[in-house]
Amino acid sequence: MNMEVKAQDQIAFYLTGQHNGSGLKPLDRSYRPALFARHADLTAVRYDFPLVLNSEGTPERAVLSLSGLVDEAVEALREDKDRDRIAQHGYALEREVRKELAHPIGRANGVAADFATLWNAAAAQLTVEDSTVDDSAKRLWALFHAKGELVDADFALPSRVVRHVWSVVQASKATAFHERAERLLLKLHAILDAEIAGSDKGRLPERLRAGLAAQAGTSFATTFNFDAMSRILIDAKPALALSEARRRRIQGIVDTIDRQRFYVPKTAVTGDTQAHGFVFYRCADALQAYKERRQEAIELLKALSIAELEVNGDYRESGSTDVDDQTSTSVPGHDMIFEDFGAGGLDAGLLATLPDYLVCQYSSELGAEETLQIVEALSTGLPIRVLVQTDDLLEPSGIAKANLVAPERHLALASRSRQMLDTAINLTDVFILQSSASQLFRLREALLRGMSYNGPAFFSVFSGSTGHNGDVPAYLVAAAATESRAFPTIVYDPSAGSDWSTRLAIDDNPSPQDAWPVHPFEYENETLQTRSENVAFTLADFMAMDDRFREHFAIVPKADWSEAMIAVPDSLKMSVKELAKGTIVPSTVPCITLVDENFQVQRAIVNRRALEETRRSHAMWHSLQELGGIHNSHAALAVERAEARAAERFAEQMKSLVTAPAPSVQPVKEPLAAAAQAESITVGEVAVTVAQESHGDDPYIETARCTTCNECTQVNSKMFAYNGDKQAYIADANAGTYRQLVEAAEGCQVSIIHPGKPRNPKEPGLDDLIVRAAPFN
Amino acid sequence: MNDTTMNGIAKSGAMTFPLPLAPVNVNDCLLELYEEHYELEDYQKGVPRWCTGCGDNAILTAVQRLCRDEKLAPEKTVFVSGIGCSSRLPHYMNTYGFHSLHGRALPIAEGIRLARPDLKVFVNMGDGDCCSIGAAHWIHAIRYNMNMTAMLHDNNIYGLTKKQASPTSPIGLKTNTTPRGSYLEALNPLSVTLGVSNVSFVAQVVDWIPKLLYQTLSAAYHHKGFSFVRIIQRCPEWLPTHMDDYLHDPQRVLLLHHENGLEIDSELAKRYTNMEEHDPSNLNRAREIASGSDPIPVGILYRNDDVPLYEEVRSDSRLRTTSLVKNGLEAEFDKFTIWPEGQTRAKHEAA
């Protein structure tokens, strides 16, 4: 078969998706995108996974990276003599932990693993071969200050991370609530106690005696005449009594706070009513629960608000009217204000006091009704957190789902998560975070911000566990989704500002300015020489990883490769031009770069259907870029117009200059020349000063001339040290004696150590040392 | 499009050995899981046992800086040596290394180059190692012109055997083997190298000018072919004052500079004023310069980028697939495998 026929076969596949008995080979699971070639085994790579869901410390340390923890610990040991050994053991332990997470032994896959248990198990495993590992593991552990679950990128990761961050935020809310409640209850009880103490009943001799006894023990009980004291007190001071209304109000507040079920009480009492749950699997349930608890929430928030006024003595039951010369101002009473408390709905600021509702849903379970409920929940303005986890990003749309056979098959992606996201963005006051599981750690700060947001928050996370990617790790699938723009990273924070440019951030995507991220791909040719080419990672590459879309690709044998096979981004541009020209049969075919199971580079043609999906994905990304302020067409148009106007004005000015008489040139005045001279003098003086100040009497080394011969470092390793180029410098001139400086200078074979003058005039033998140092200064 | 097939992606093996010491940095690309960034310490292994003041330390530092600056993956780099003080260098490099037989560093390096052309090959030899027992290999290595950087650590003495005369010991030098002084004129490694056909890169440098040492090694590394660098070095233990005159008198070093050779920076030019502009493509002048020993010529004497490489002339057309490598290794192992009576590989595999 000659090359022309083969080229025609390739074009035929591109247009029809049919092989036609040509030499093209079907794509199977053994092929992987070229950029994945380096990651055959993720357990051997140091990267930000697995994550530690830390149950200690501040919310900012809620999600930690195992590698990050080890690096922090190693950094903390930088002055330690065993640092290198501990660091190497730390890396080895990390690898053991990764292996165990990836291939669990004695633990079901997907079940949460305890960080401490895995760390200790890894230490025990490695200690068999090297007894010092145990010590390294313990020292590192002491520096981690973290404990909790250890999670890898798998199907459970999104809900685990989101729930953990949610629970950390709720825990800090609970702490704040309990502190506030305790403070208020203490003061409210004090008010009630004061009433009793100030009443006639409280001044009876028995009560006074009991009070003193309770405070100071029994030793003074006989010292005082409590009967006399009681009489004096009753006569001297009128009885203090709370109004019945106030007493009831305060008692009511105390009871409401005591009975609240929004937070688990700090000290559980048997028979307590169980606290409310706030995690739901459907928005409808969350909304129903909110409705059921609404009255309870209003009562609690009302009680807290009144309590604040009561403890400060600011509560005014009835209103008052201030009258001045011309106007009168009426202030309503608190009774009236609180009578209708919450009737018009609770605002987000008040609701932030209470726990947030969390809903975790899978996008695959989102029917029309569920989607509507999410929209309803998000549009209420309530502090509800909705996580929608997507496992299958390339889920075919409804029209493609039926078991159709070619040519009825229709390639169309459902993009359910995309639809949900667009709706949420259009609600304008919803905090949105869209991220692949692989990005979650990098976006932990945004996640925390979303959890603390005063309003609804929507988290859309792609897990990478599609079930259609063979043995490619979920982390890589998730990362590929971000890289290919199939699942771009989006942070939309309504609290950041009032316009798109401040609210929407797409900077966390790879190469956000470009259509596709492009990466250098290195490989070796037949003679094992390294070659490099730039490879873009597009939706076509992402689709080629999926079992369901492999039929849209065909491997071209190496012998048939030609210049007509061009990369997908180039093909997208080319096809637009050809379409404009009305070309029916294209002159080129799009192709992607892959590697096979023997790590050999292969190229596959992408058919037109898959290319069209890639074009759609690109268009969606481009519109997102515009919203995010990148390549914004409105801005570009405005700039173009402004430039045209400026050019016009410039042309007009030039025209007027040409017609106007030439201005006369003013001679340079003397003072200007003098000033210039003065400047040069100043510059010269500075230069002289710099040259003179160089080292003075201080010792120094001509570091660039050091030959790393170890002479000086052996004299005193604290005084002399090596820099990053392993060349010596004086690390601390005070770390040794002048004698050592002189001896090092004498020992230095290239004579680059200059001892300077002695720093300690009392050092013995200075006279001799100064003579010896002279040749080196 | 012609460079098509590969035998294991270049970086595919990088993940297991050795672990990067640098902290994990998150890159823009999620598919780039680790950063290719190296520090000098990443190439350091163990504590050198060389004497304090030994020029080998300077050479070790220079090659470590070169590896770091060129971002050479340790698992894609190999240092081969023979026997001698200098030949301990591979022990102190955290790369692959081969401390081989006396005088046999070059043929081993050539074998590596043929079998694993993906590796960056460096060779470290002493003056005895290269110019005496390994002289035949040296001459043919020049002629074969295989892509590698060969460093001749020349201290004019056998240090490891405690001060015995080497082929480069100057006439009259008293050593344990020449107590009345060396009788023969010293061998000039530069002249020898420049006299061999197919020579493609010859340079000389001294260990006590670290900047030039680095620059010269860098130029040698970038040259495609057999780069021979003679490094004149000190031996503080056995010849403590041997180089002193050169060391302390900058005029006794002749810096060779050229736009196609080394470019001397202003700091060095201030100290070493004895300079000559020498075009490295001029072989005759290179031979003249090589024949002089005082002042010591330092710089690139000769460079010819057009000399064909043996590995390209005789490249193996078979693809180095994992199965090919495995079968080749198995065949080699089989030569030494003792099977139980009646057992063969075929039977063993069938079982």
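Above this text you will find the structure in question.
Okay, so let's go over this structure. Since the structure is predicted, the reported quantities are computational estimates derived from the model, not experimental observations. (Residues numbered from 1 in each chain as written. Chains lettered and ligands numbered in written order. Predicted model: local features only at pLDDT ≥ 70, side-chain atom pairs only at ≥ 80, totals over all residues. Heavy atoms only, no water.)

1. Regarding the overall build of chain B
- From N to C terminus, chain B includes 12 helices and 11 strands.
- Looking at chain B as a whole, 52% of its 351 residues qualify as buried.
- Summarising the internal contacts of chain B: among those between residues at least 6 apart in sequence, 66% fall at separations of at least 24.
- Accessible area for chain B stands at about 15500 Å²; split by element, carbon and sulfur atoms hold 51% of it. (Helix = DSSP H or I, 4+ residues; strand = E, 2+ residues; numbered from the N terminus. Buried < 20%, exposed > 50% of the residue type's maximum accessible area, 1.4 Å probe, protein only. Contact = heavy atoms within 4.5 Å. Areas by Shrake-Rupley, 256 points an atom, 1.4 Å probe, with all protein chains shown as cover.)

2. Observations concerning the overall build of chain A
- From N to C terminus, chain A includes 26 helices and 25 strands.
- The buried share among the 777 residues of chain A stands at 46%.
- Carbon and sulfur atoms provide 54% of the accessible area of chain A, an area that totals close to 38900 Å².

3. Thoughts on the packing of helix 3 (residues 83-102) of chain A against helix 4 (residues 115-127) of chain A
Residue and element names in this part refer to chain A.
- At their nearest, the axes of helix 3 and helix 4 sit 9 Å apart, and the two run at 115 degrees to each other. Taken together, the axis directions place helix 3 and helix 4 in an arrangement best described as roughly perpendicular. Handedness of the helix 3/helix 4 crossing: right-handed. Residues G90, A92, L93, E96, V97, E100 and L101 of helix 3 touch helix 4, and the partners they reach there are L118, W119, A122, A123, Q125 and L126.
- Residue classes in the contact of helix 3 with helix 4 are distributed as nine nonpolar, two polar and two charged. (Axes fitted to C-alpha atoms, helices over the stretch in contact; angles between N-to-C directions. Parallel < 35°, antiparallel > 145°, perpendicular 65-115°, else oblique. Left-handed = near helix turned anticlockwise from the far one by under 90°. Nonpolar A, V, L, I, M, F, W, Y, C, P; charged D, E, K, R; others polar.)

4. Section: the nonpolar core
- Ranked by size, the top nonpolar core spans 152 residues in total, and within it V161, V386, F458, F542, F553 and I592 of chain A carry the most contacts.
- Among all residues touching V386 of chain A, those that are not within four sequence positions of it are C283, V359, I374, L378, A457, F458 and F459 of chain A.
- Ranked by size, the runner-up nonpolar core spans 68 residues in total, among them C748 of chain A together with Y43, V63 and I264 of chain B. (Core = buried A, V, L, I, M, F, W, Y, C linked by side-chain atoms within 4.5 Å.)

5. Topic: helix 17 (residues 474-483) of chain A
Residue and element names in this part refer to chain A.
- Taking burial as the measure, the 10 residues of helix 17 include 10 buried ones, the bulk of the element.
- Taken together, the buried positions of helix 17 are A474, Y475, L476, V477, A478, A479, A480, A481, T482 and E483.
- Those residues of helix 17 that are buried lie in contact with strand 12 (431-436), strand 13 (457-462), strand 16 (518-524) and helix 19 (539-544).
- Looking one or two residues past helix 17, R485 carries a phi angle of roughly 70 degrees, positive in sign.

6. Side note on the pattern of salt bridges
Residues and elements named next belong to chain A.
- Taken as a whole, this structure holds 59 salt bridges over all chains when the rule is applied.
- With its nearest N and O atoms 3.3 Å apart, the salt bridge here joins R78 to E75.
- The exposure class of E75 is partly exposed, given its relative accessible area of 43%.
- The salt bridge partner of D82 is R139, with a shortest N-O separation of 3.5 Å. In this pair, D82 is assigned in the loop between helix 2 (66-76) and helix 3 and R139 in helix 5 (residues 132-144), connecting sequence segments 57 residues apart.
- Linked through salt bridges whose partners overlap, the residues forming this network are D80, K81, D82, R85, D135 and R139. (Salt bridge = Lys/Arg side-chain N within 4 Å of Asp/Glu carboxyl O.)

7. Some points on the packing of aromatic side chains
- Across all of its chains, the model carries 23 aromatic pairs over all chains by this definition.
- An angle of 65 degrees between the planes, with centres 5.2 Å apart, marks the rings of F49 of chain A and Y475 of chain A as edge-to-face. Of this pair, F49 of chain A sits in the loop between strand 2 (32-33) and strand 3 (51-54) while Y475 of chain A sits in helix 17; the two residues are 426 residues apart in sequence, bridging distant segments of the chain. Like F49 of chain A, the residue Y475 of chain A is buried in the burial classification.
- Between the aromatic rings of W119 of chain A and F144 of chain A, the centroid separation amounts to 5.0 Å while the plane-to-plane angle is 75 degrees, which identifies the pairing as edge-to-face. Within this pair, whereas W119 of chain A is found in helix 4, its partner F144 of chain A is found in helix 5, the two being separated by 25 residues in sequence. Here the two residues W119 of chain A and F144 of chain A agree in accessibility, since each one is buried.
- A cation over an aromatic ring shows up here: R485 of chain A above the ring of W621 of chain A, its NZ or CZ 4.0 Å from the ring centre.
- Over the face of the ring belonging to Y246 of chain B we find R252 of chain B, whose NZ or CZ atom lies 4.6 Å from the ring centre. (Phe/Tyr/Trp six-rings, centres within 6.5 Å; stacked < 30°, edge-to-face > 60°. Lys NZ or Arg CZ within 6 Å of the ring centre and 35° of its normal.)

8. A word on the packing of helix 3 of chain A against helix 5 of chain A
All names here are of chain A.
- Relative orientation of the contacting elements helix 3 and helix 5 amounts to 85 degrees, with a least axis distance of 9 Å. Looking at the two axes, helix 3 sits roughly perpendicular to helix 5. Where helix 3 approaches helix 5, its residues R85, I86, H89, G90 and L93 are matched on the opposing element by T132, V133, D135, S136, A137, R139 and L140.
- Across the contact of helix 3 with helix 5, the residue classes break down as five nonpolar, four polar and three charged.

9. Quick notes on unusual backbone geometry
- Residue F49 of chain A is joined to P50 of chain A through a cis peptide bond whose omega torsion reads 0 degrees.
- Within the fold, P50 of chain A resides in the loop between strand 2 and strand 3.
- A cis amide bond, omega 5 degrees, links D294 of chain B with the succeeding residue P295 of chain B.
- Among the structural elements, P295 of chain B can be located in the loop between helix 9 (283-291) and strand 11 (296-303).
- Phi is positive for S511 of chain A, which is not a glycine, with a value near 45 degrees.
- Within the secondary structure, S511 of chain A is located in the loop between strand 15 (504-505) and strand 16.
- In this structure, F599 of chain A is a non-glycine residue whose phi angle is positive, near 60 degrees.
- Looking at the secondary structure, you find F599 of chain A in the loop between strand 20 (589-595) and strand 21 (601-606).

10. Overview of the state of the cysteines
- Under the criterion given, the structure shown has zero disulfides over all chains.
- In this structure C748 of chain A is a free cysteine whose sulfur lies 5.9 Å from that of C709 of chain A, the closest cysteine sulfur available.
- Distance from the sulfur of C130 of chain B, which forms no disulfide, to the nearest cysteine sulfur (C131 of chain B) is 4.2 Å. (Disulfide = S-S within 2.5 Å.)

11. Overview of the sheet that holds strand 7 (residues 279-280) of chain A
Residues and elements named next belong to chain A.
- The strand order across the open sheet formed by seven strands is 7-10-11-13-12-14-15, and the pairing between neighbours is mixed. This sheet does not close on itself; its edge strands, each paired only once, are strand 7 and strand 15.
- As judged from the six bridges shared by strand 10 (residues 357-362) and strand 11 (residues 384-390), these two strands associate in the parallel manner. For L358, the partnering residue across the bridge sits in strand 11 and is R385.
- Here helix 10 (residues 283-312) sits on the sheet in contact with strand 7, strand 10 and strand 11, set at roughly 160 degrees to strand 10. (Pairing = 2+ DSSP bridges.)

12. Things to note about the pairing of strand 13 of chain A
All names here are of chain A.
- Most of strand 13 sits inside the fold, with six of its six residues counted as buried.
- Of the two faces of strand 13, the one holding A457, F459 and V461 and the one holding F458, S460 and F462 are both buried throughout.
- In this sheet, strand 13 lies alongside strand 11 in parallel orientation, the contact comprising six bridges. If you follow T390 over to strand 13, its bridge partner there is F462.

Taken by themselves, the reported measurements are silent on function.
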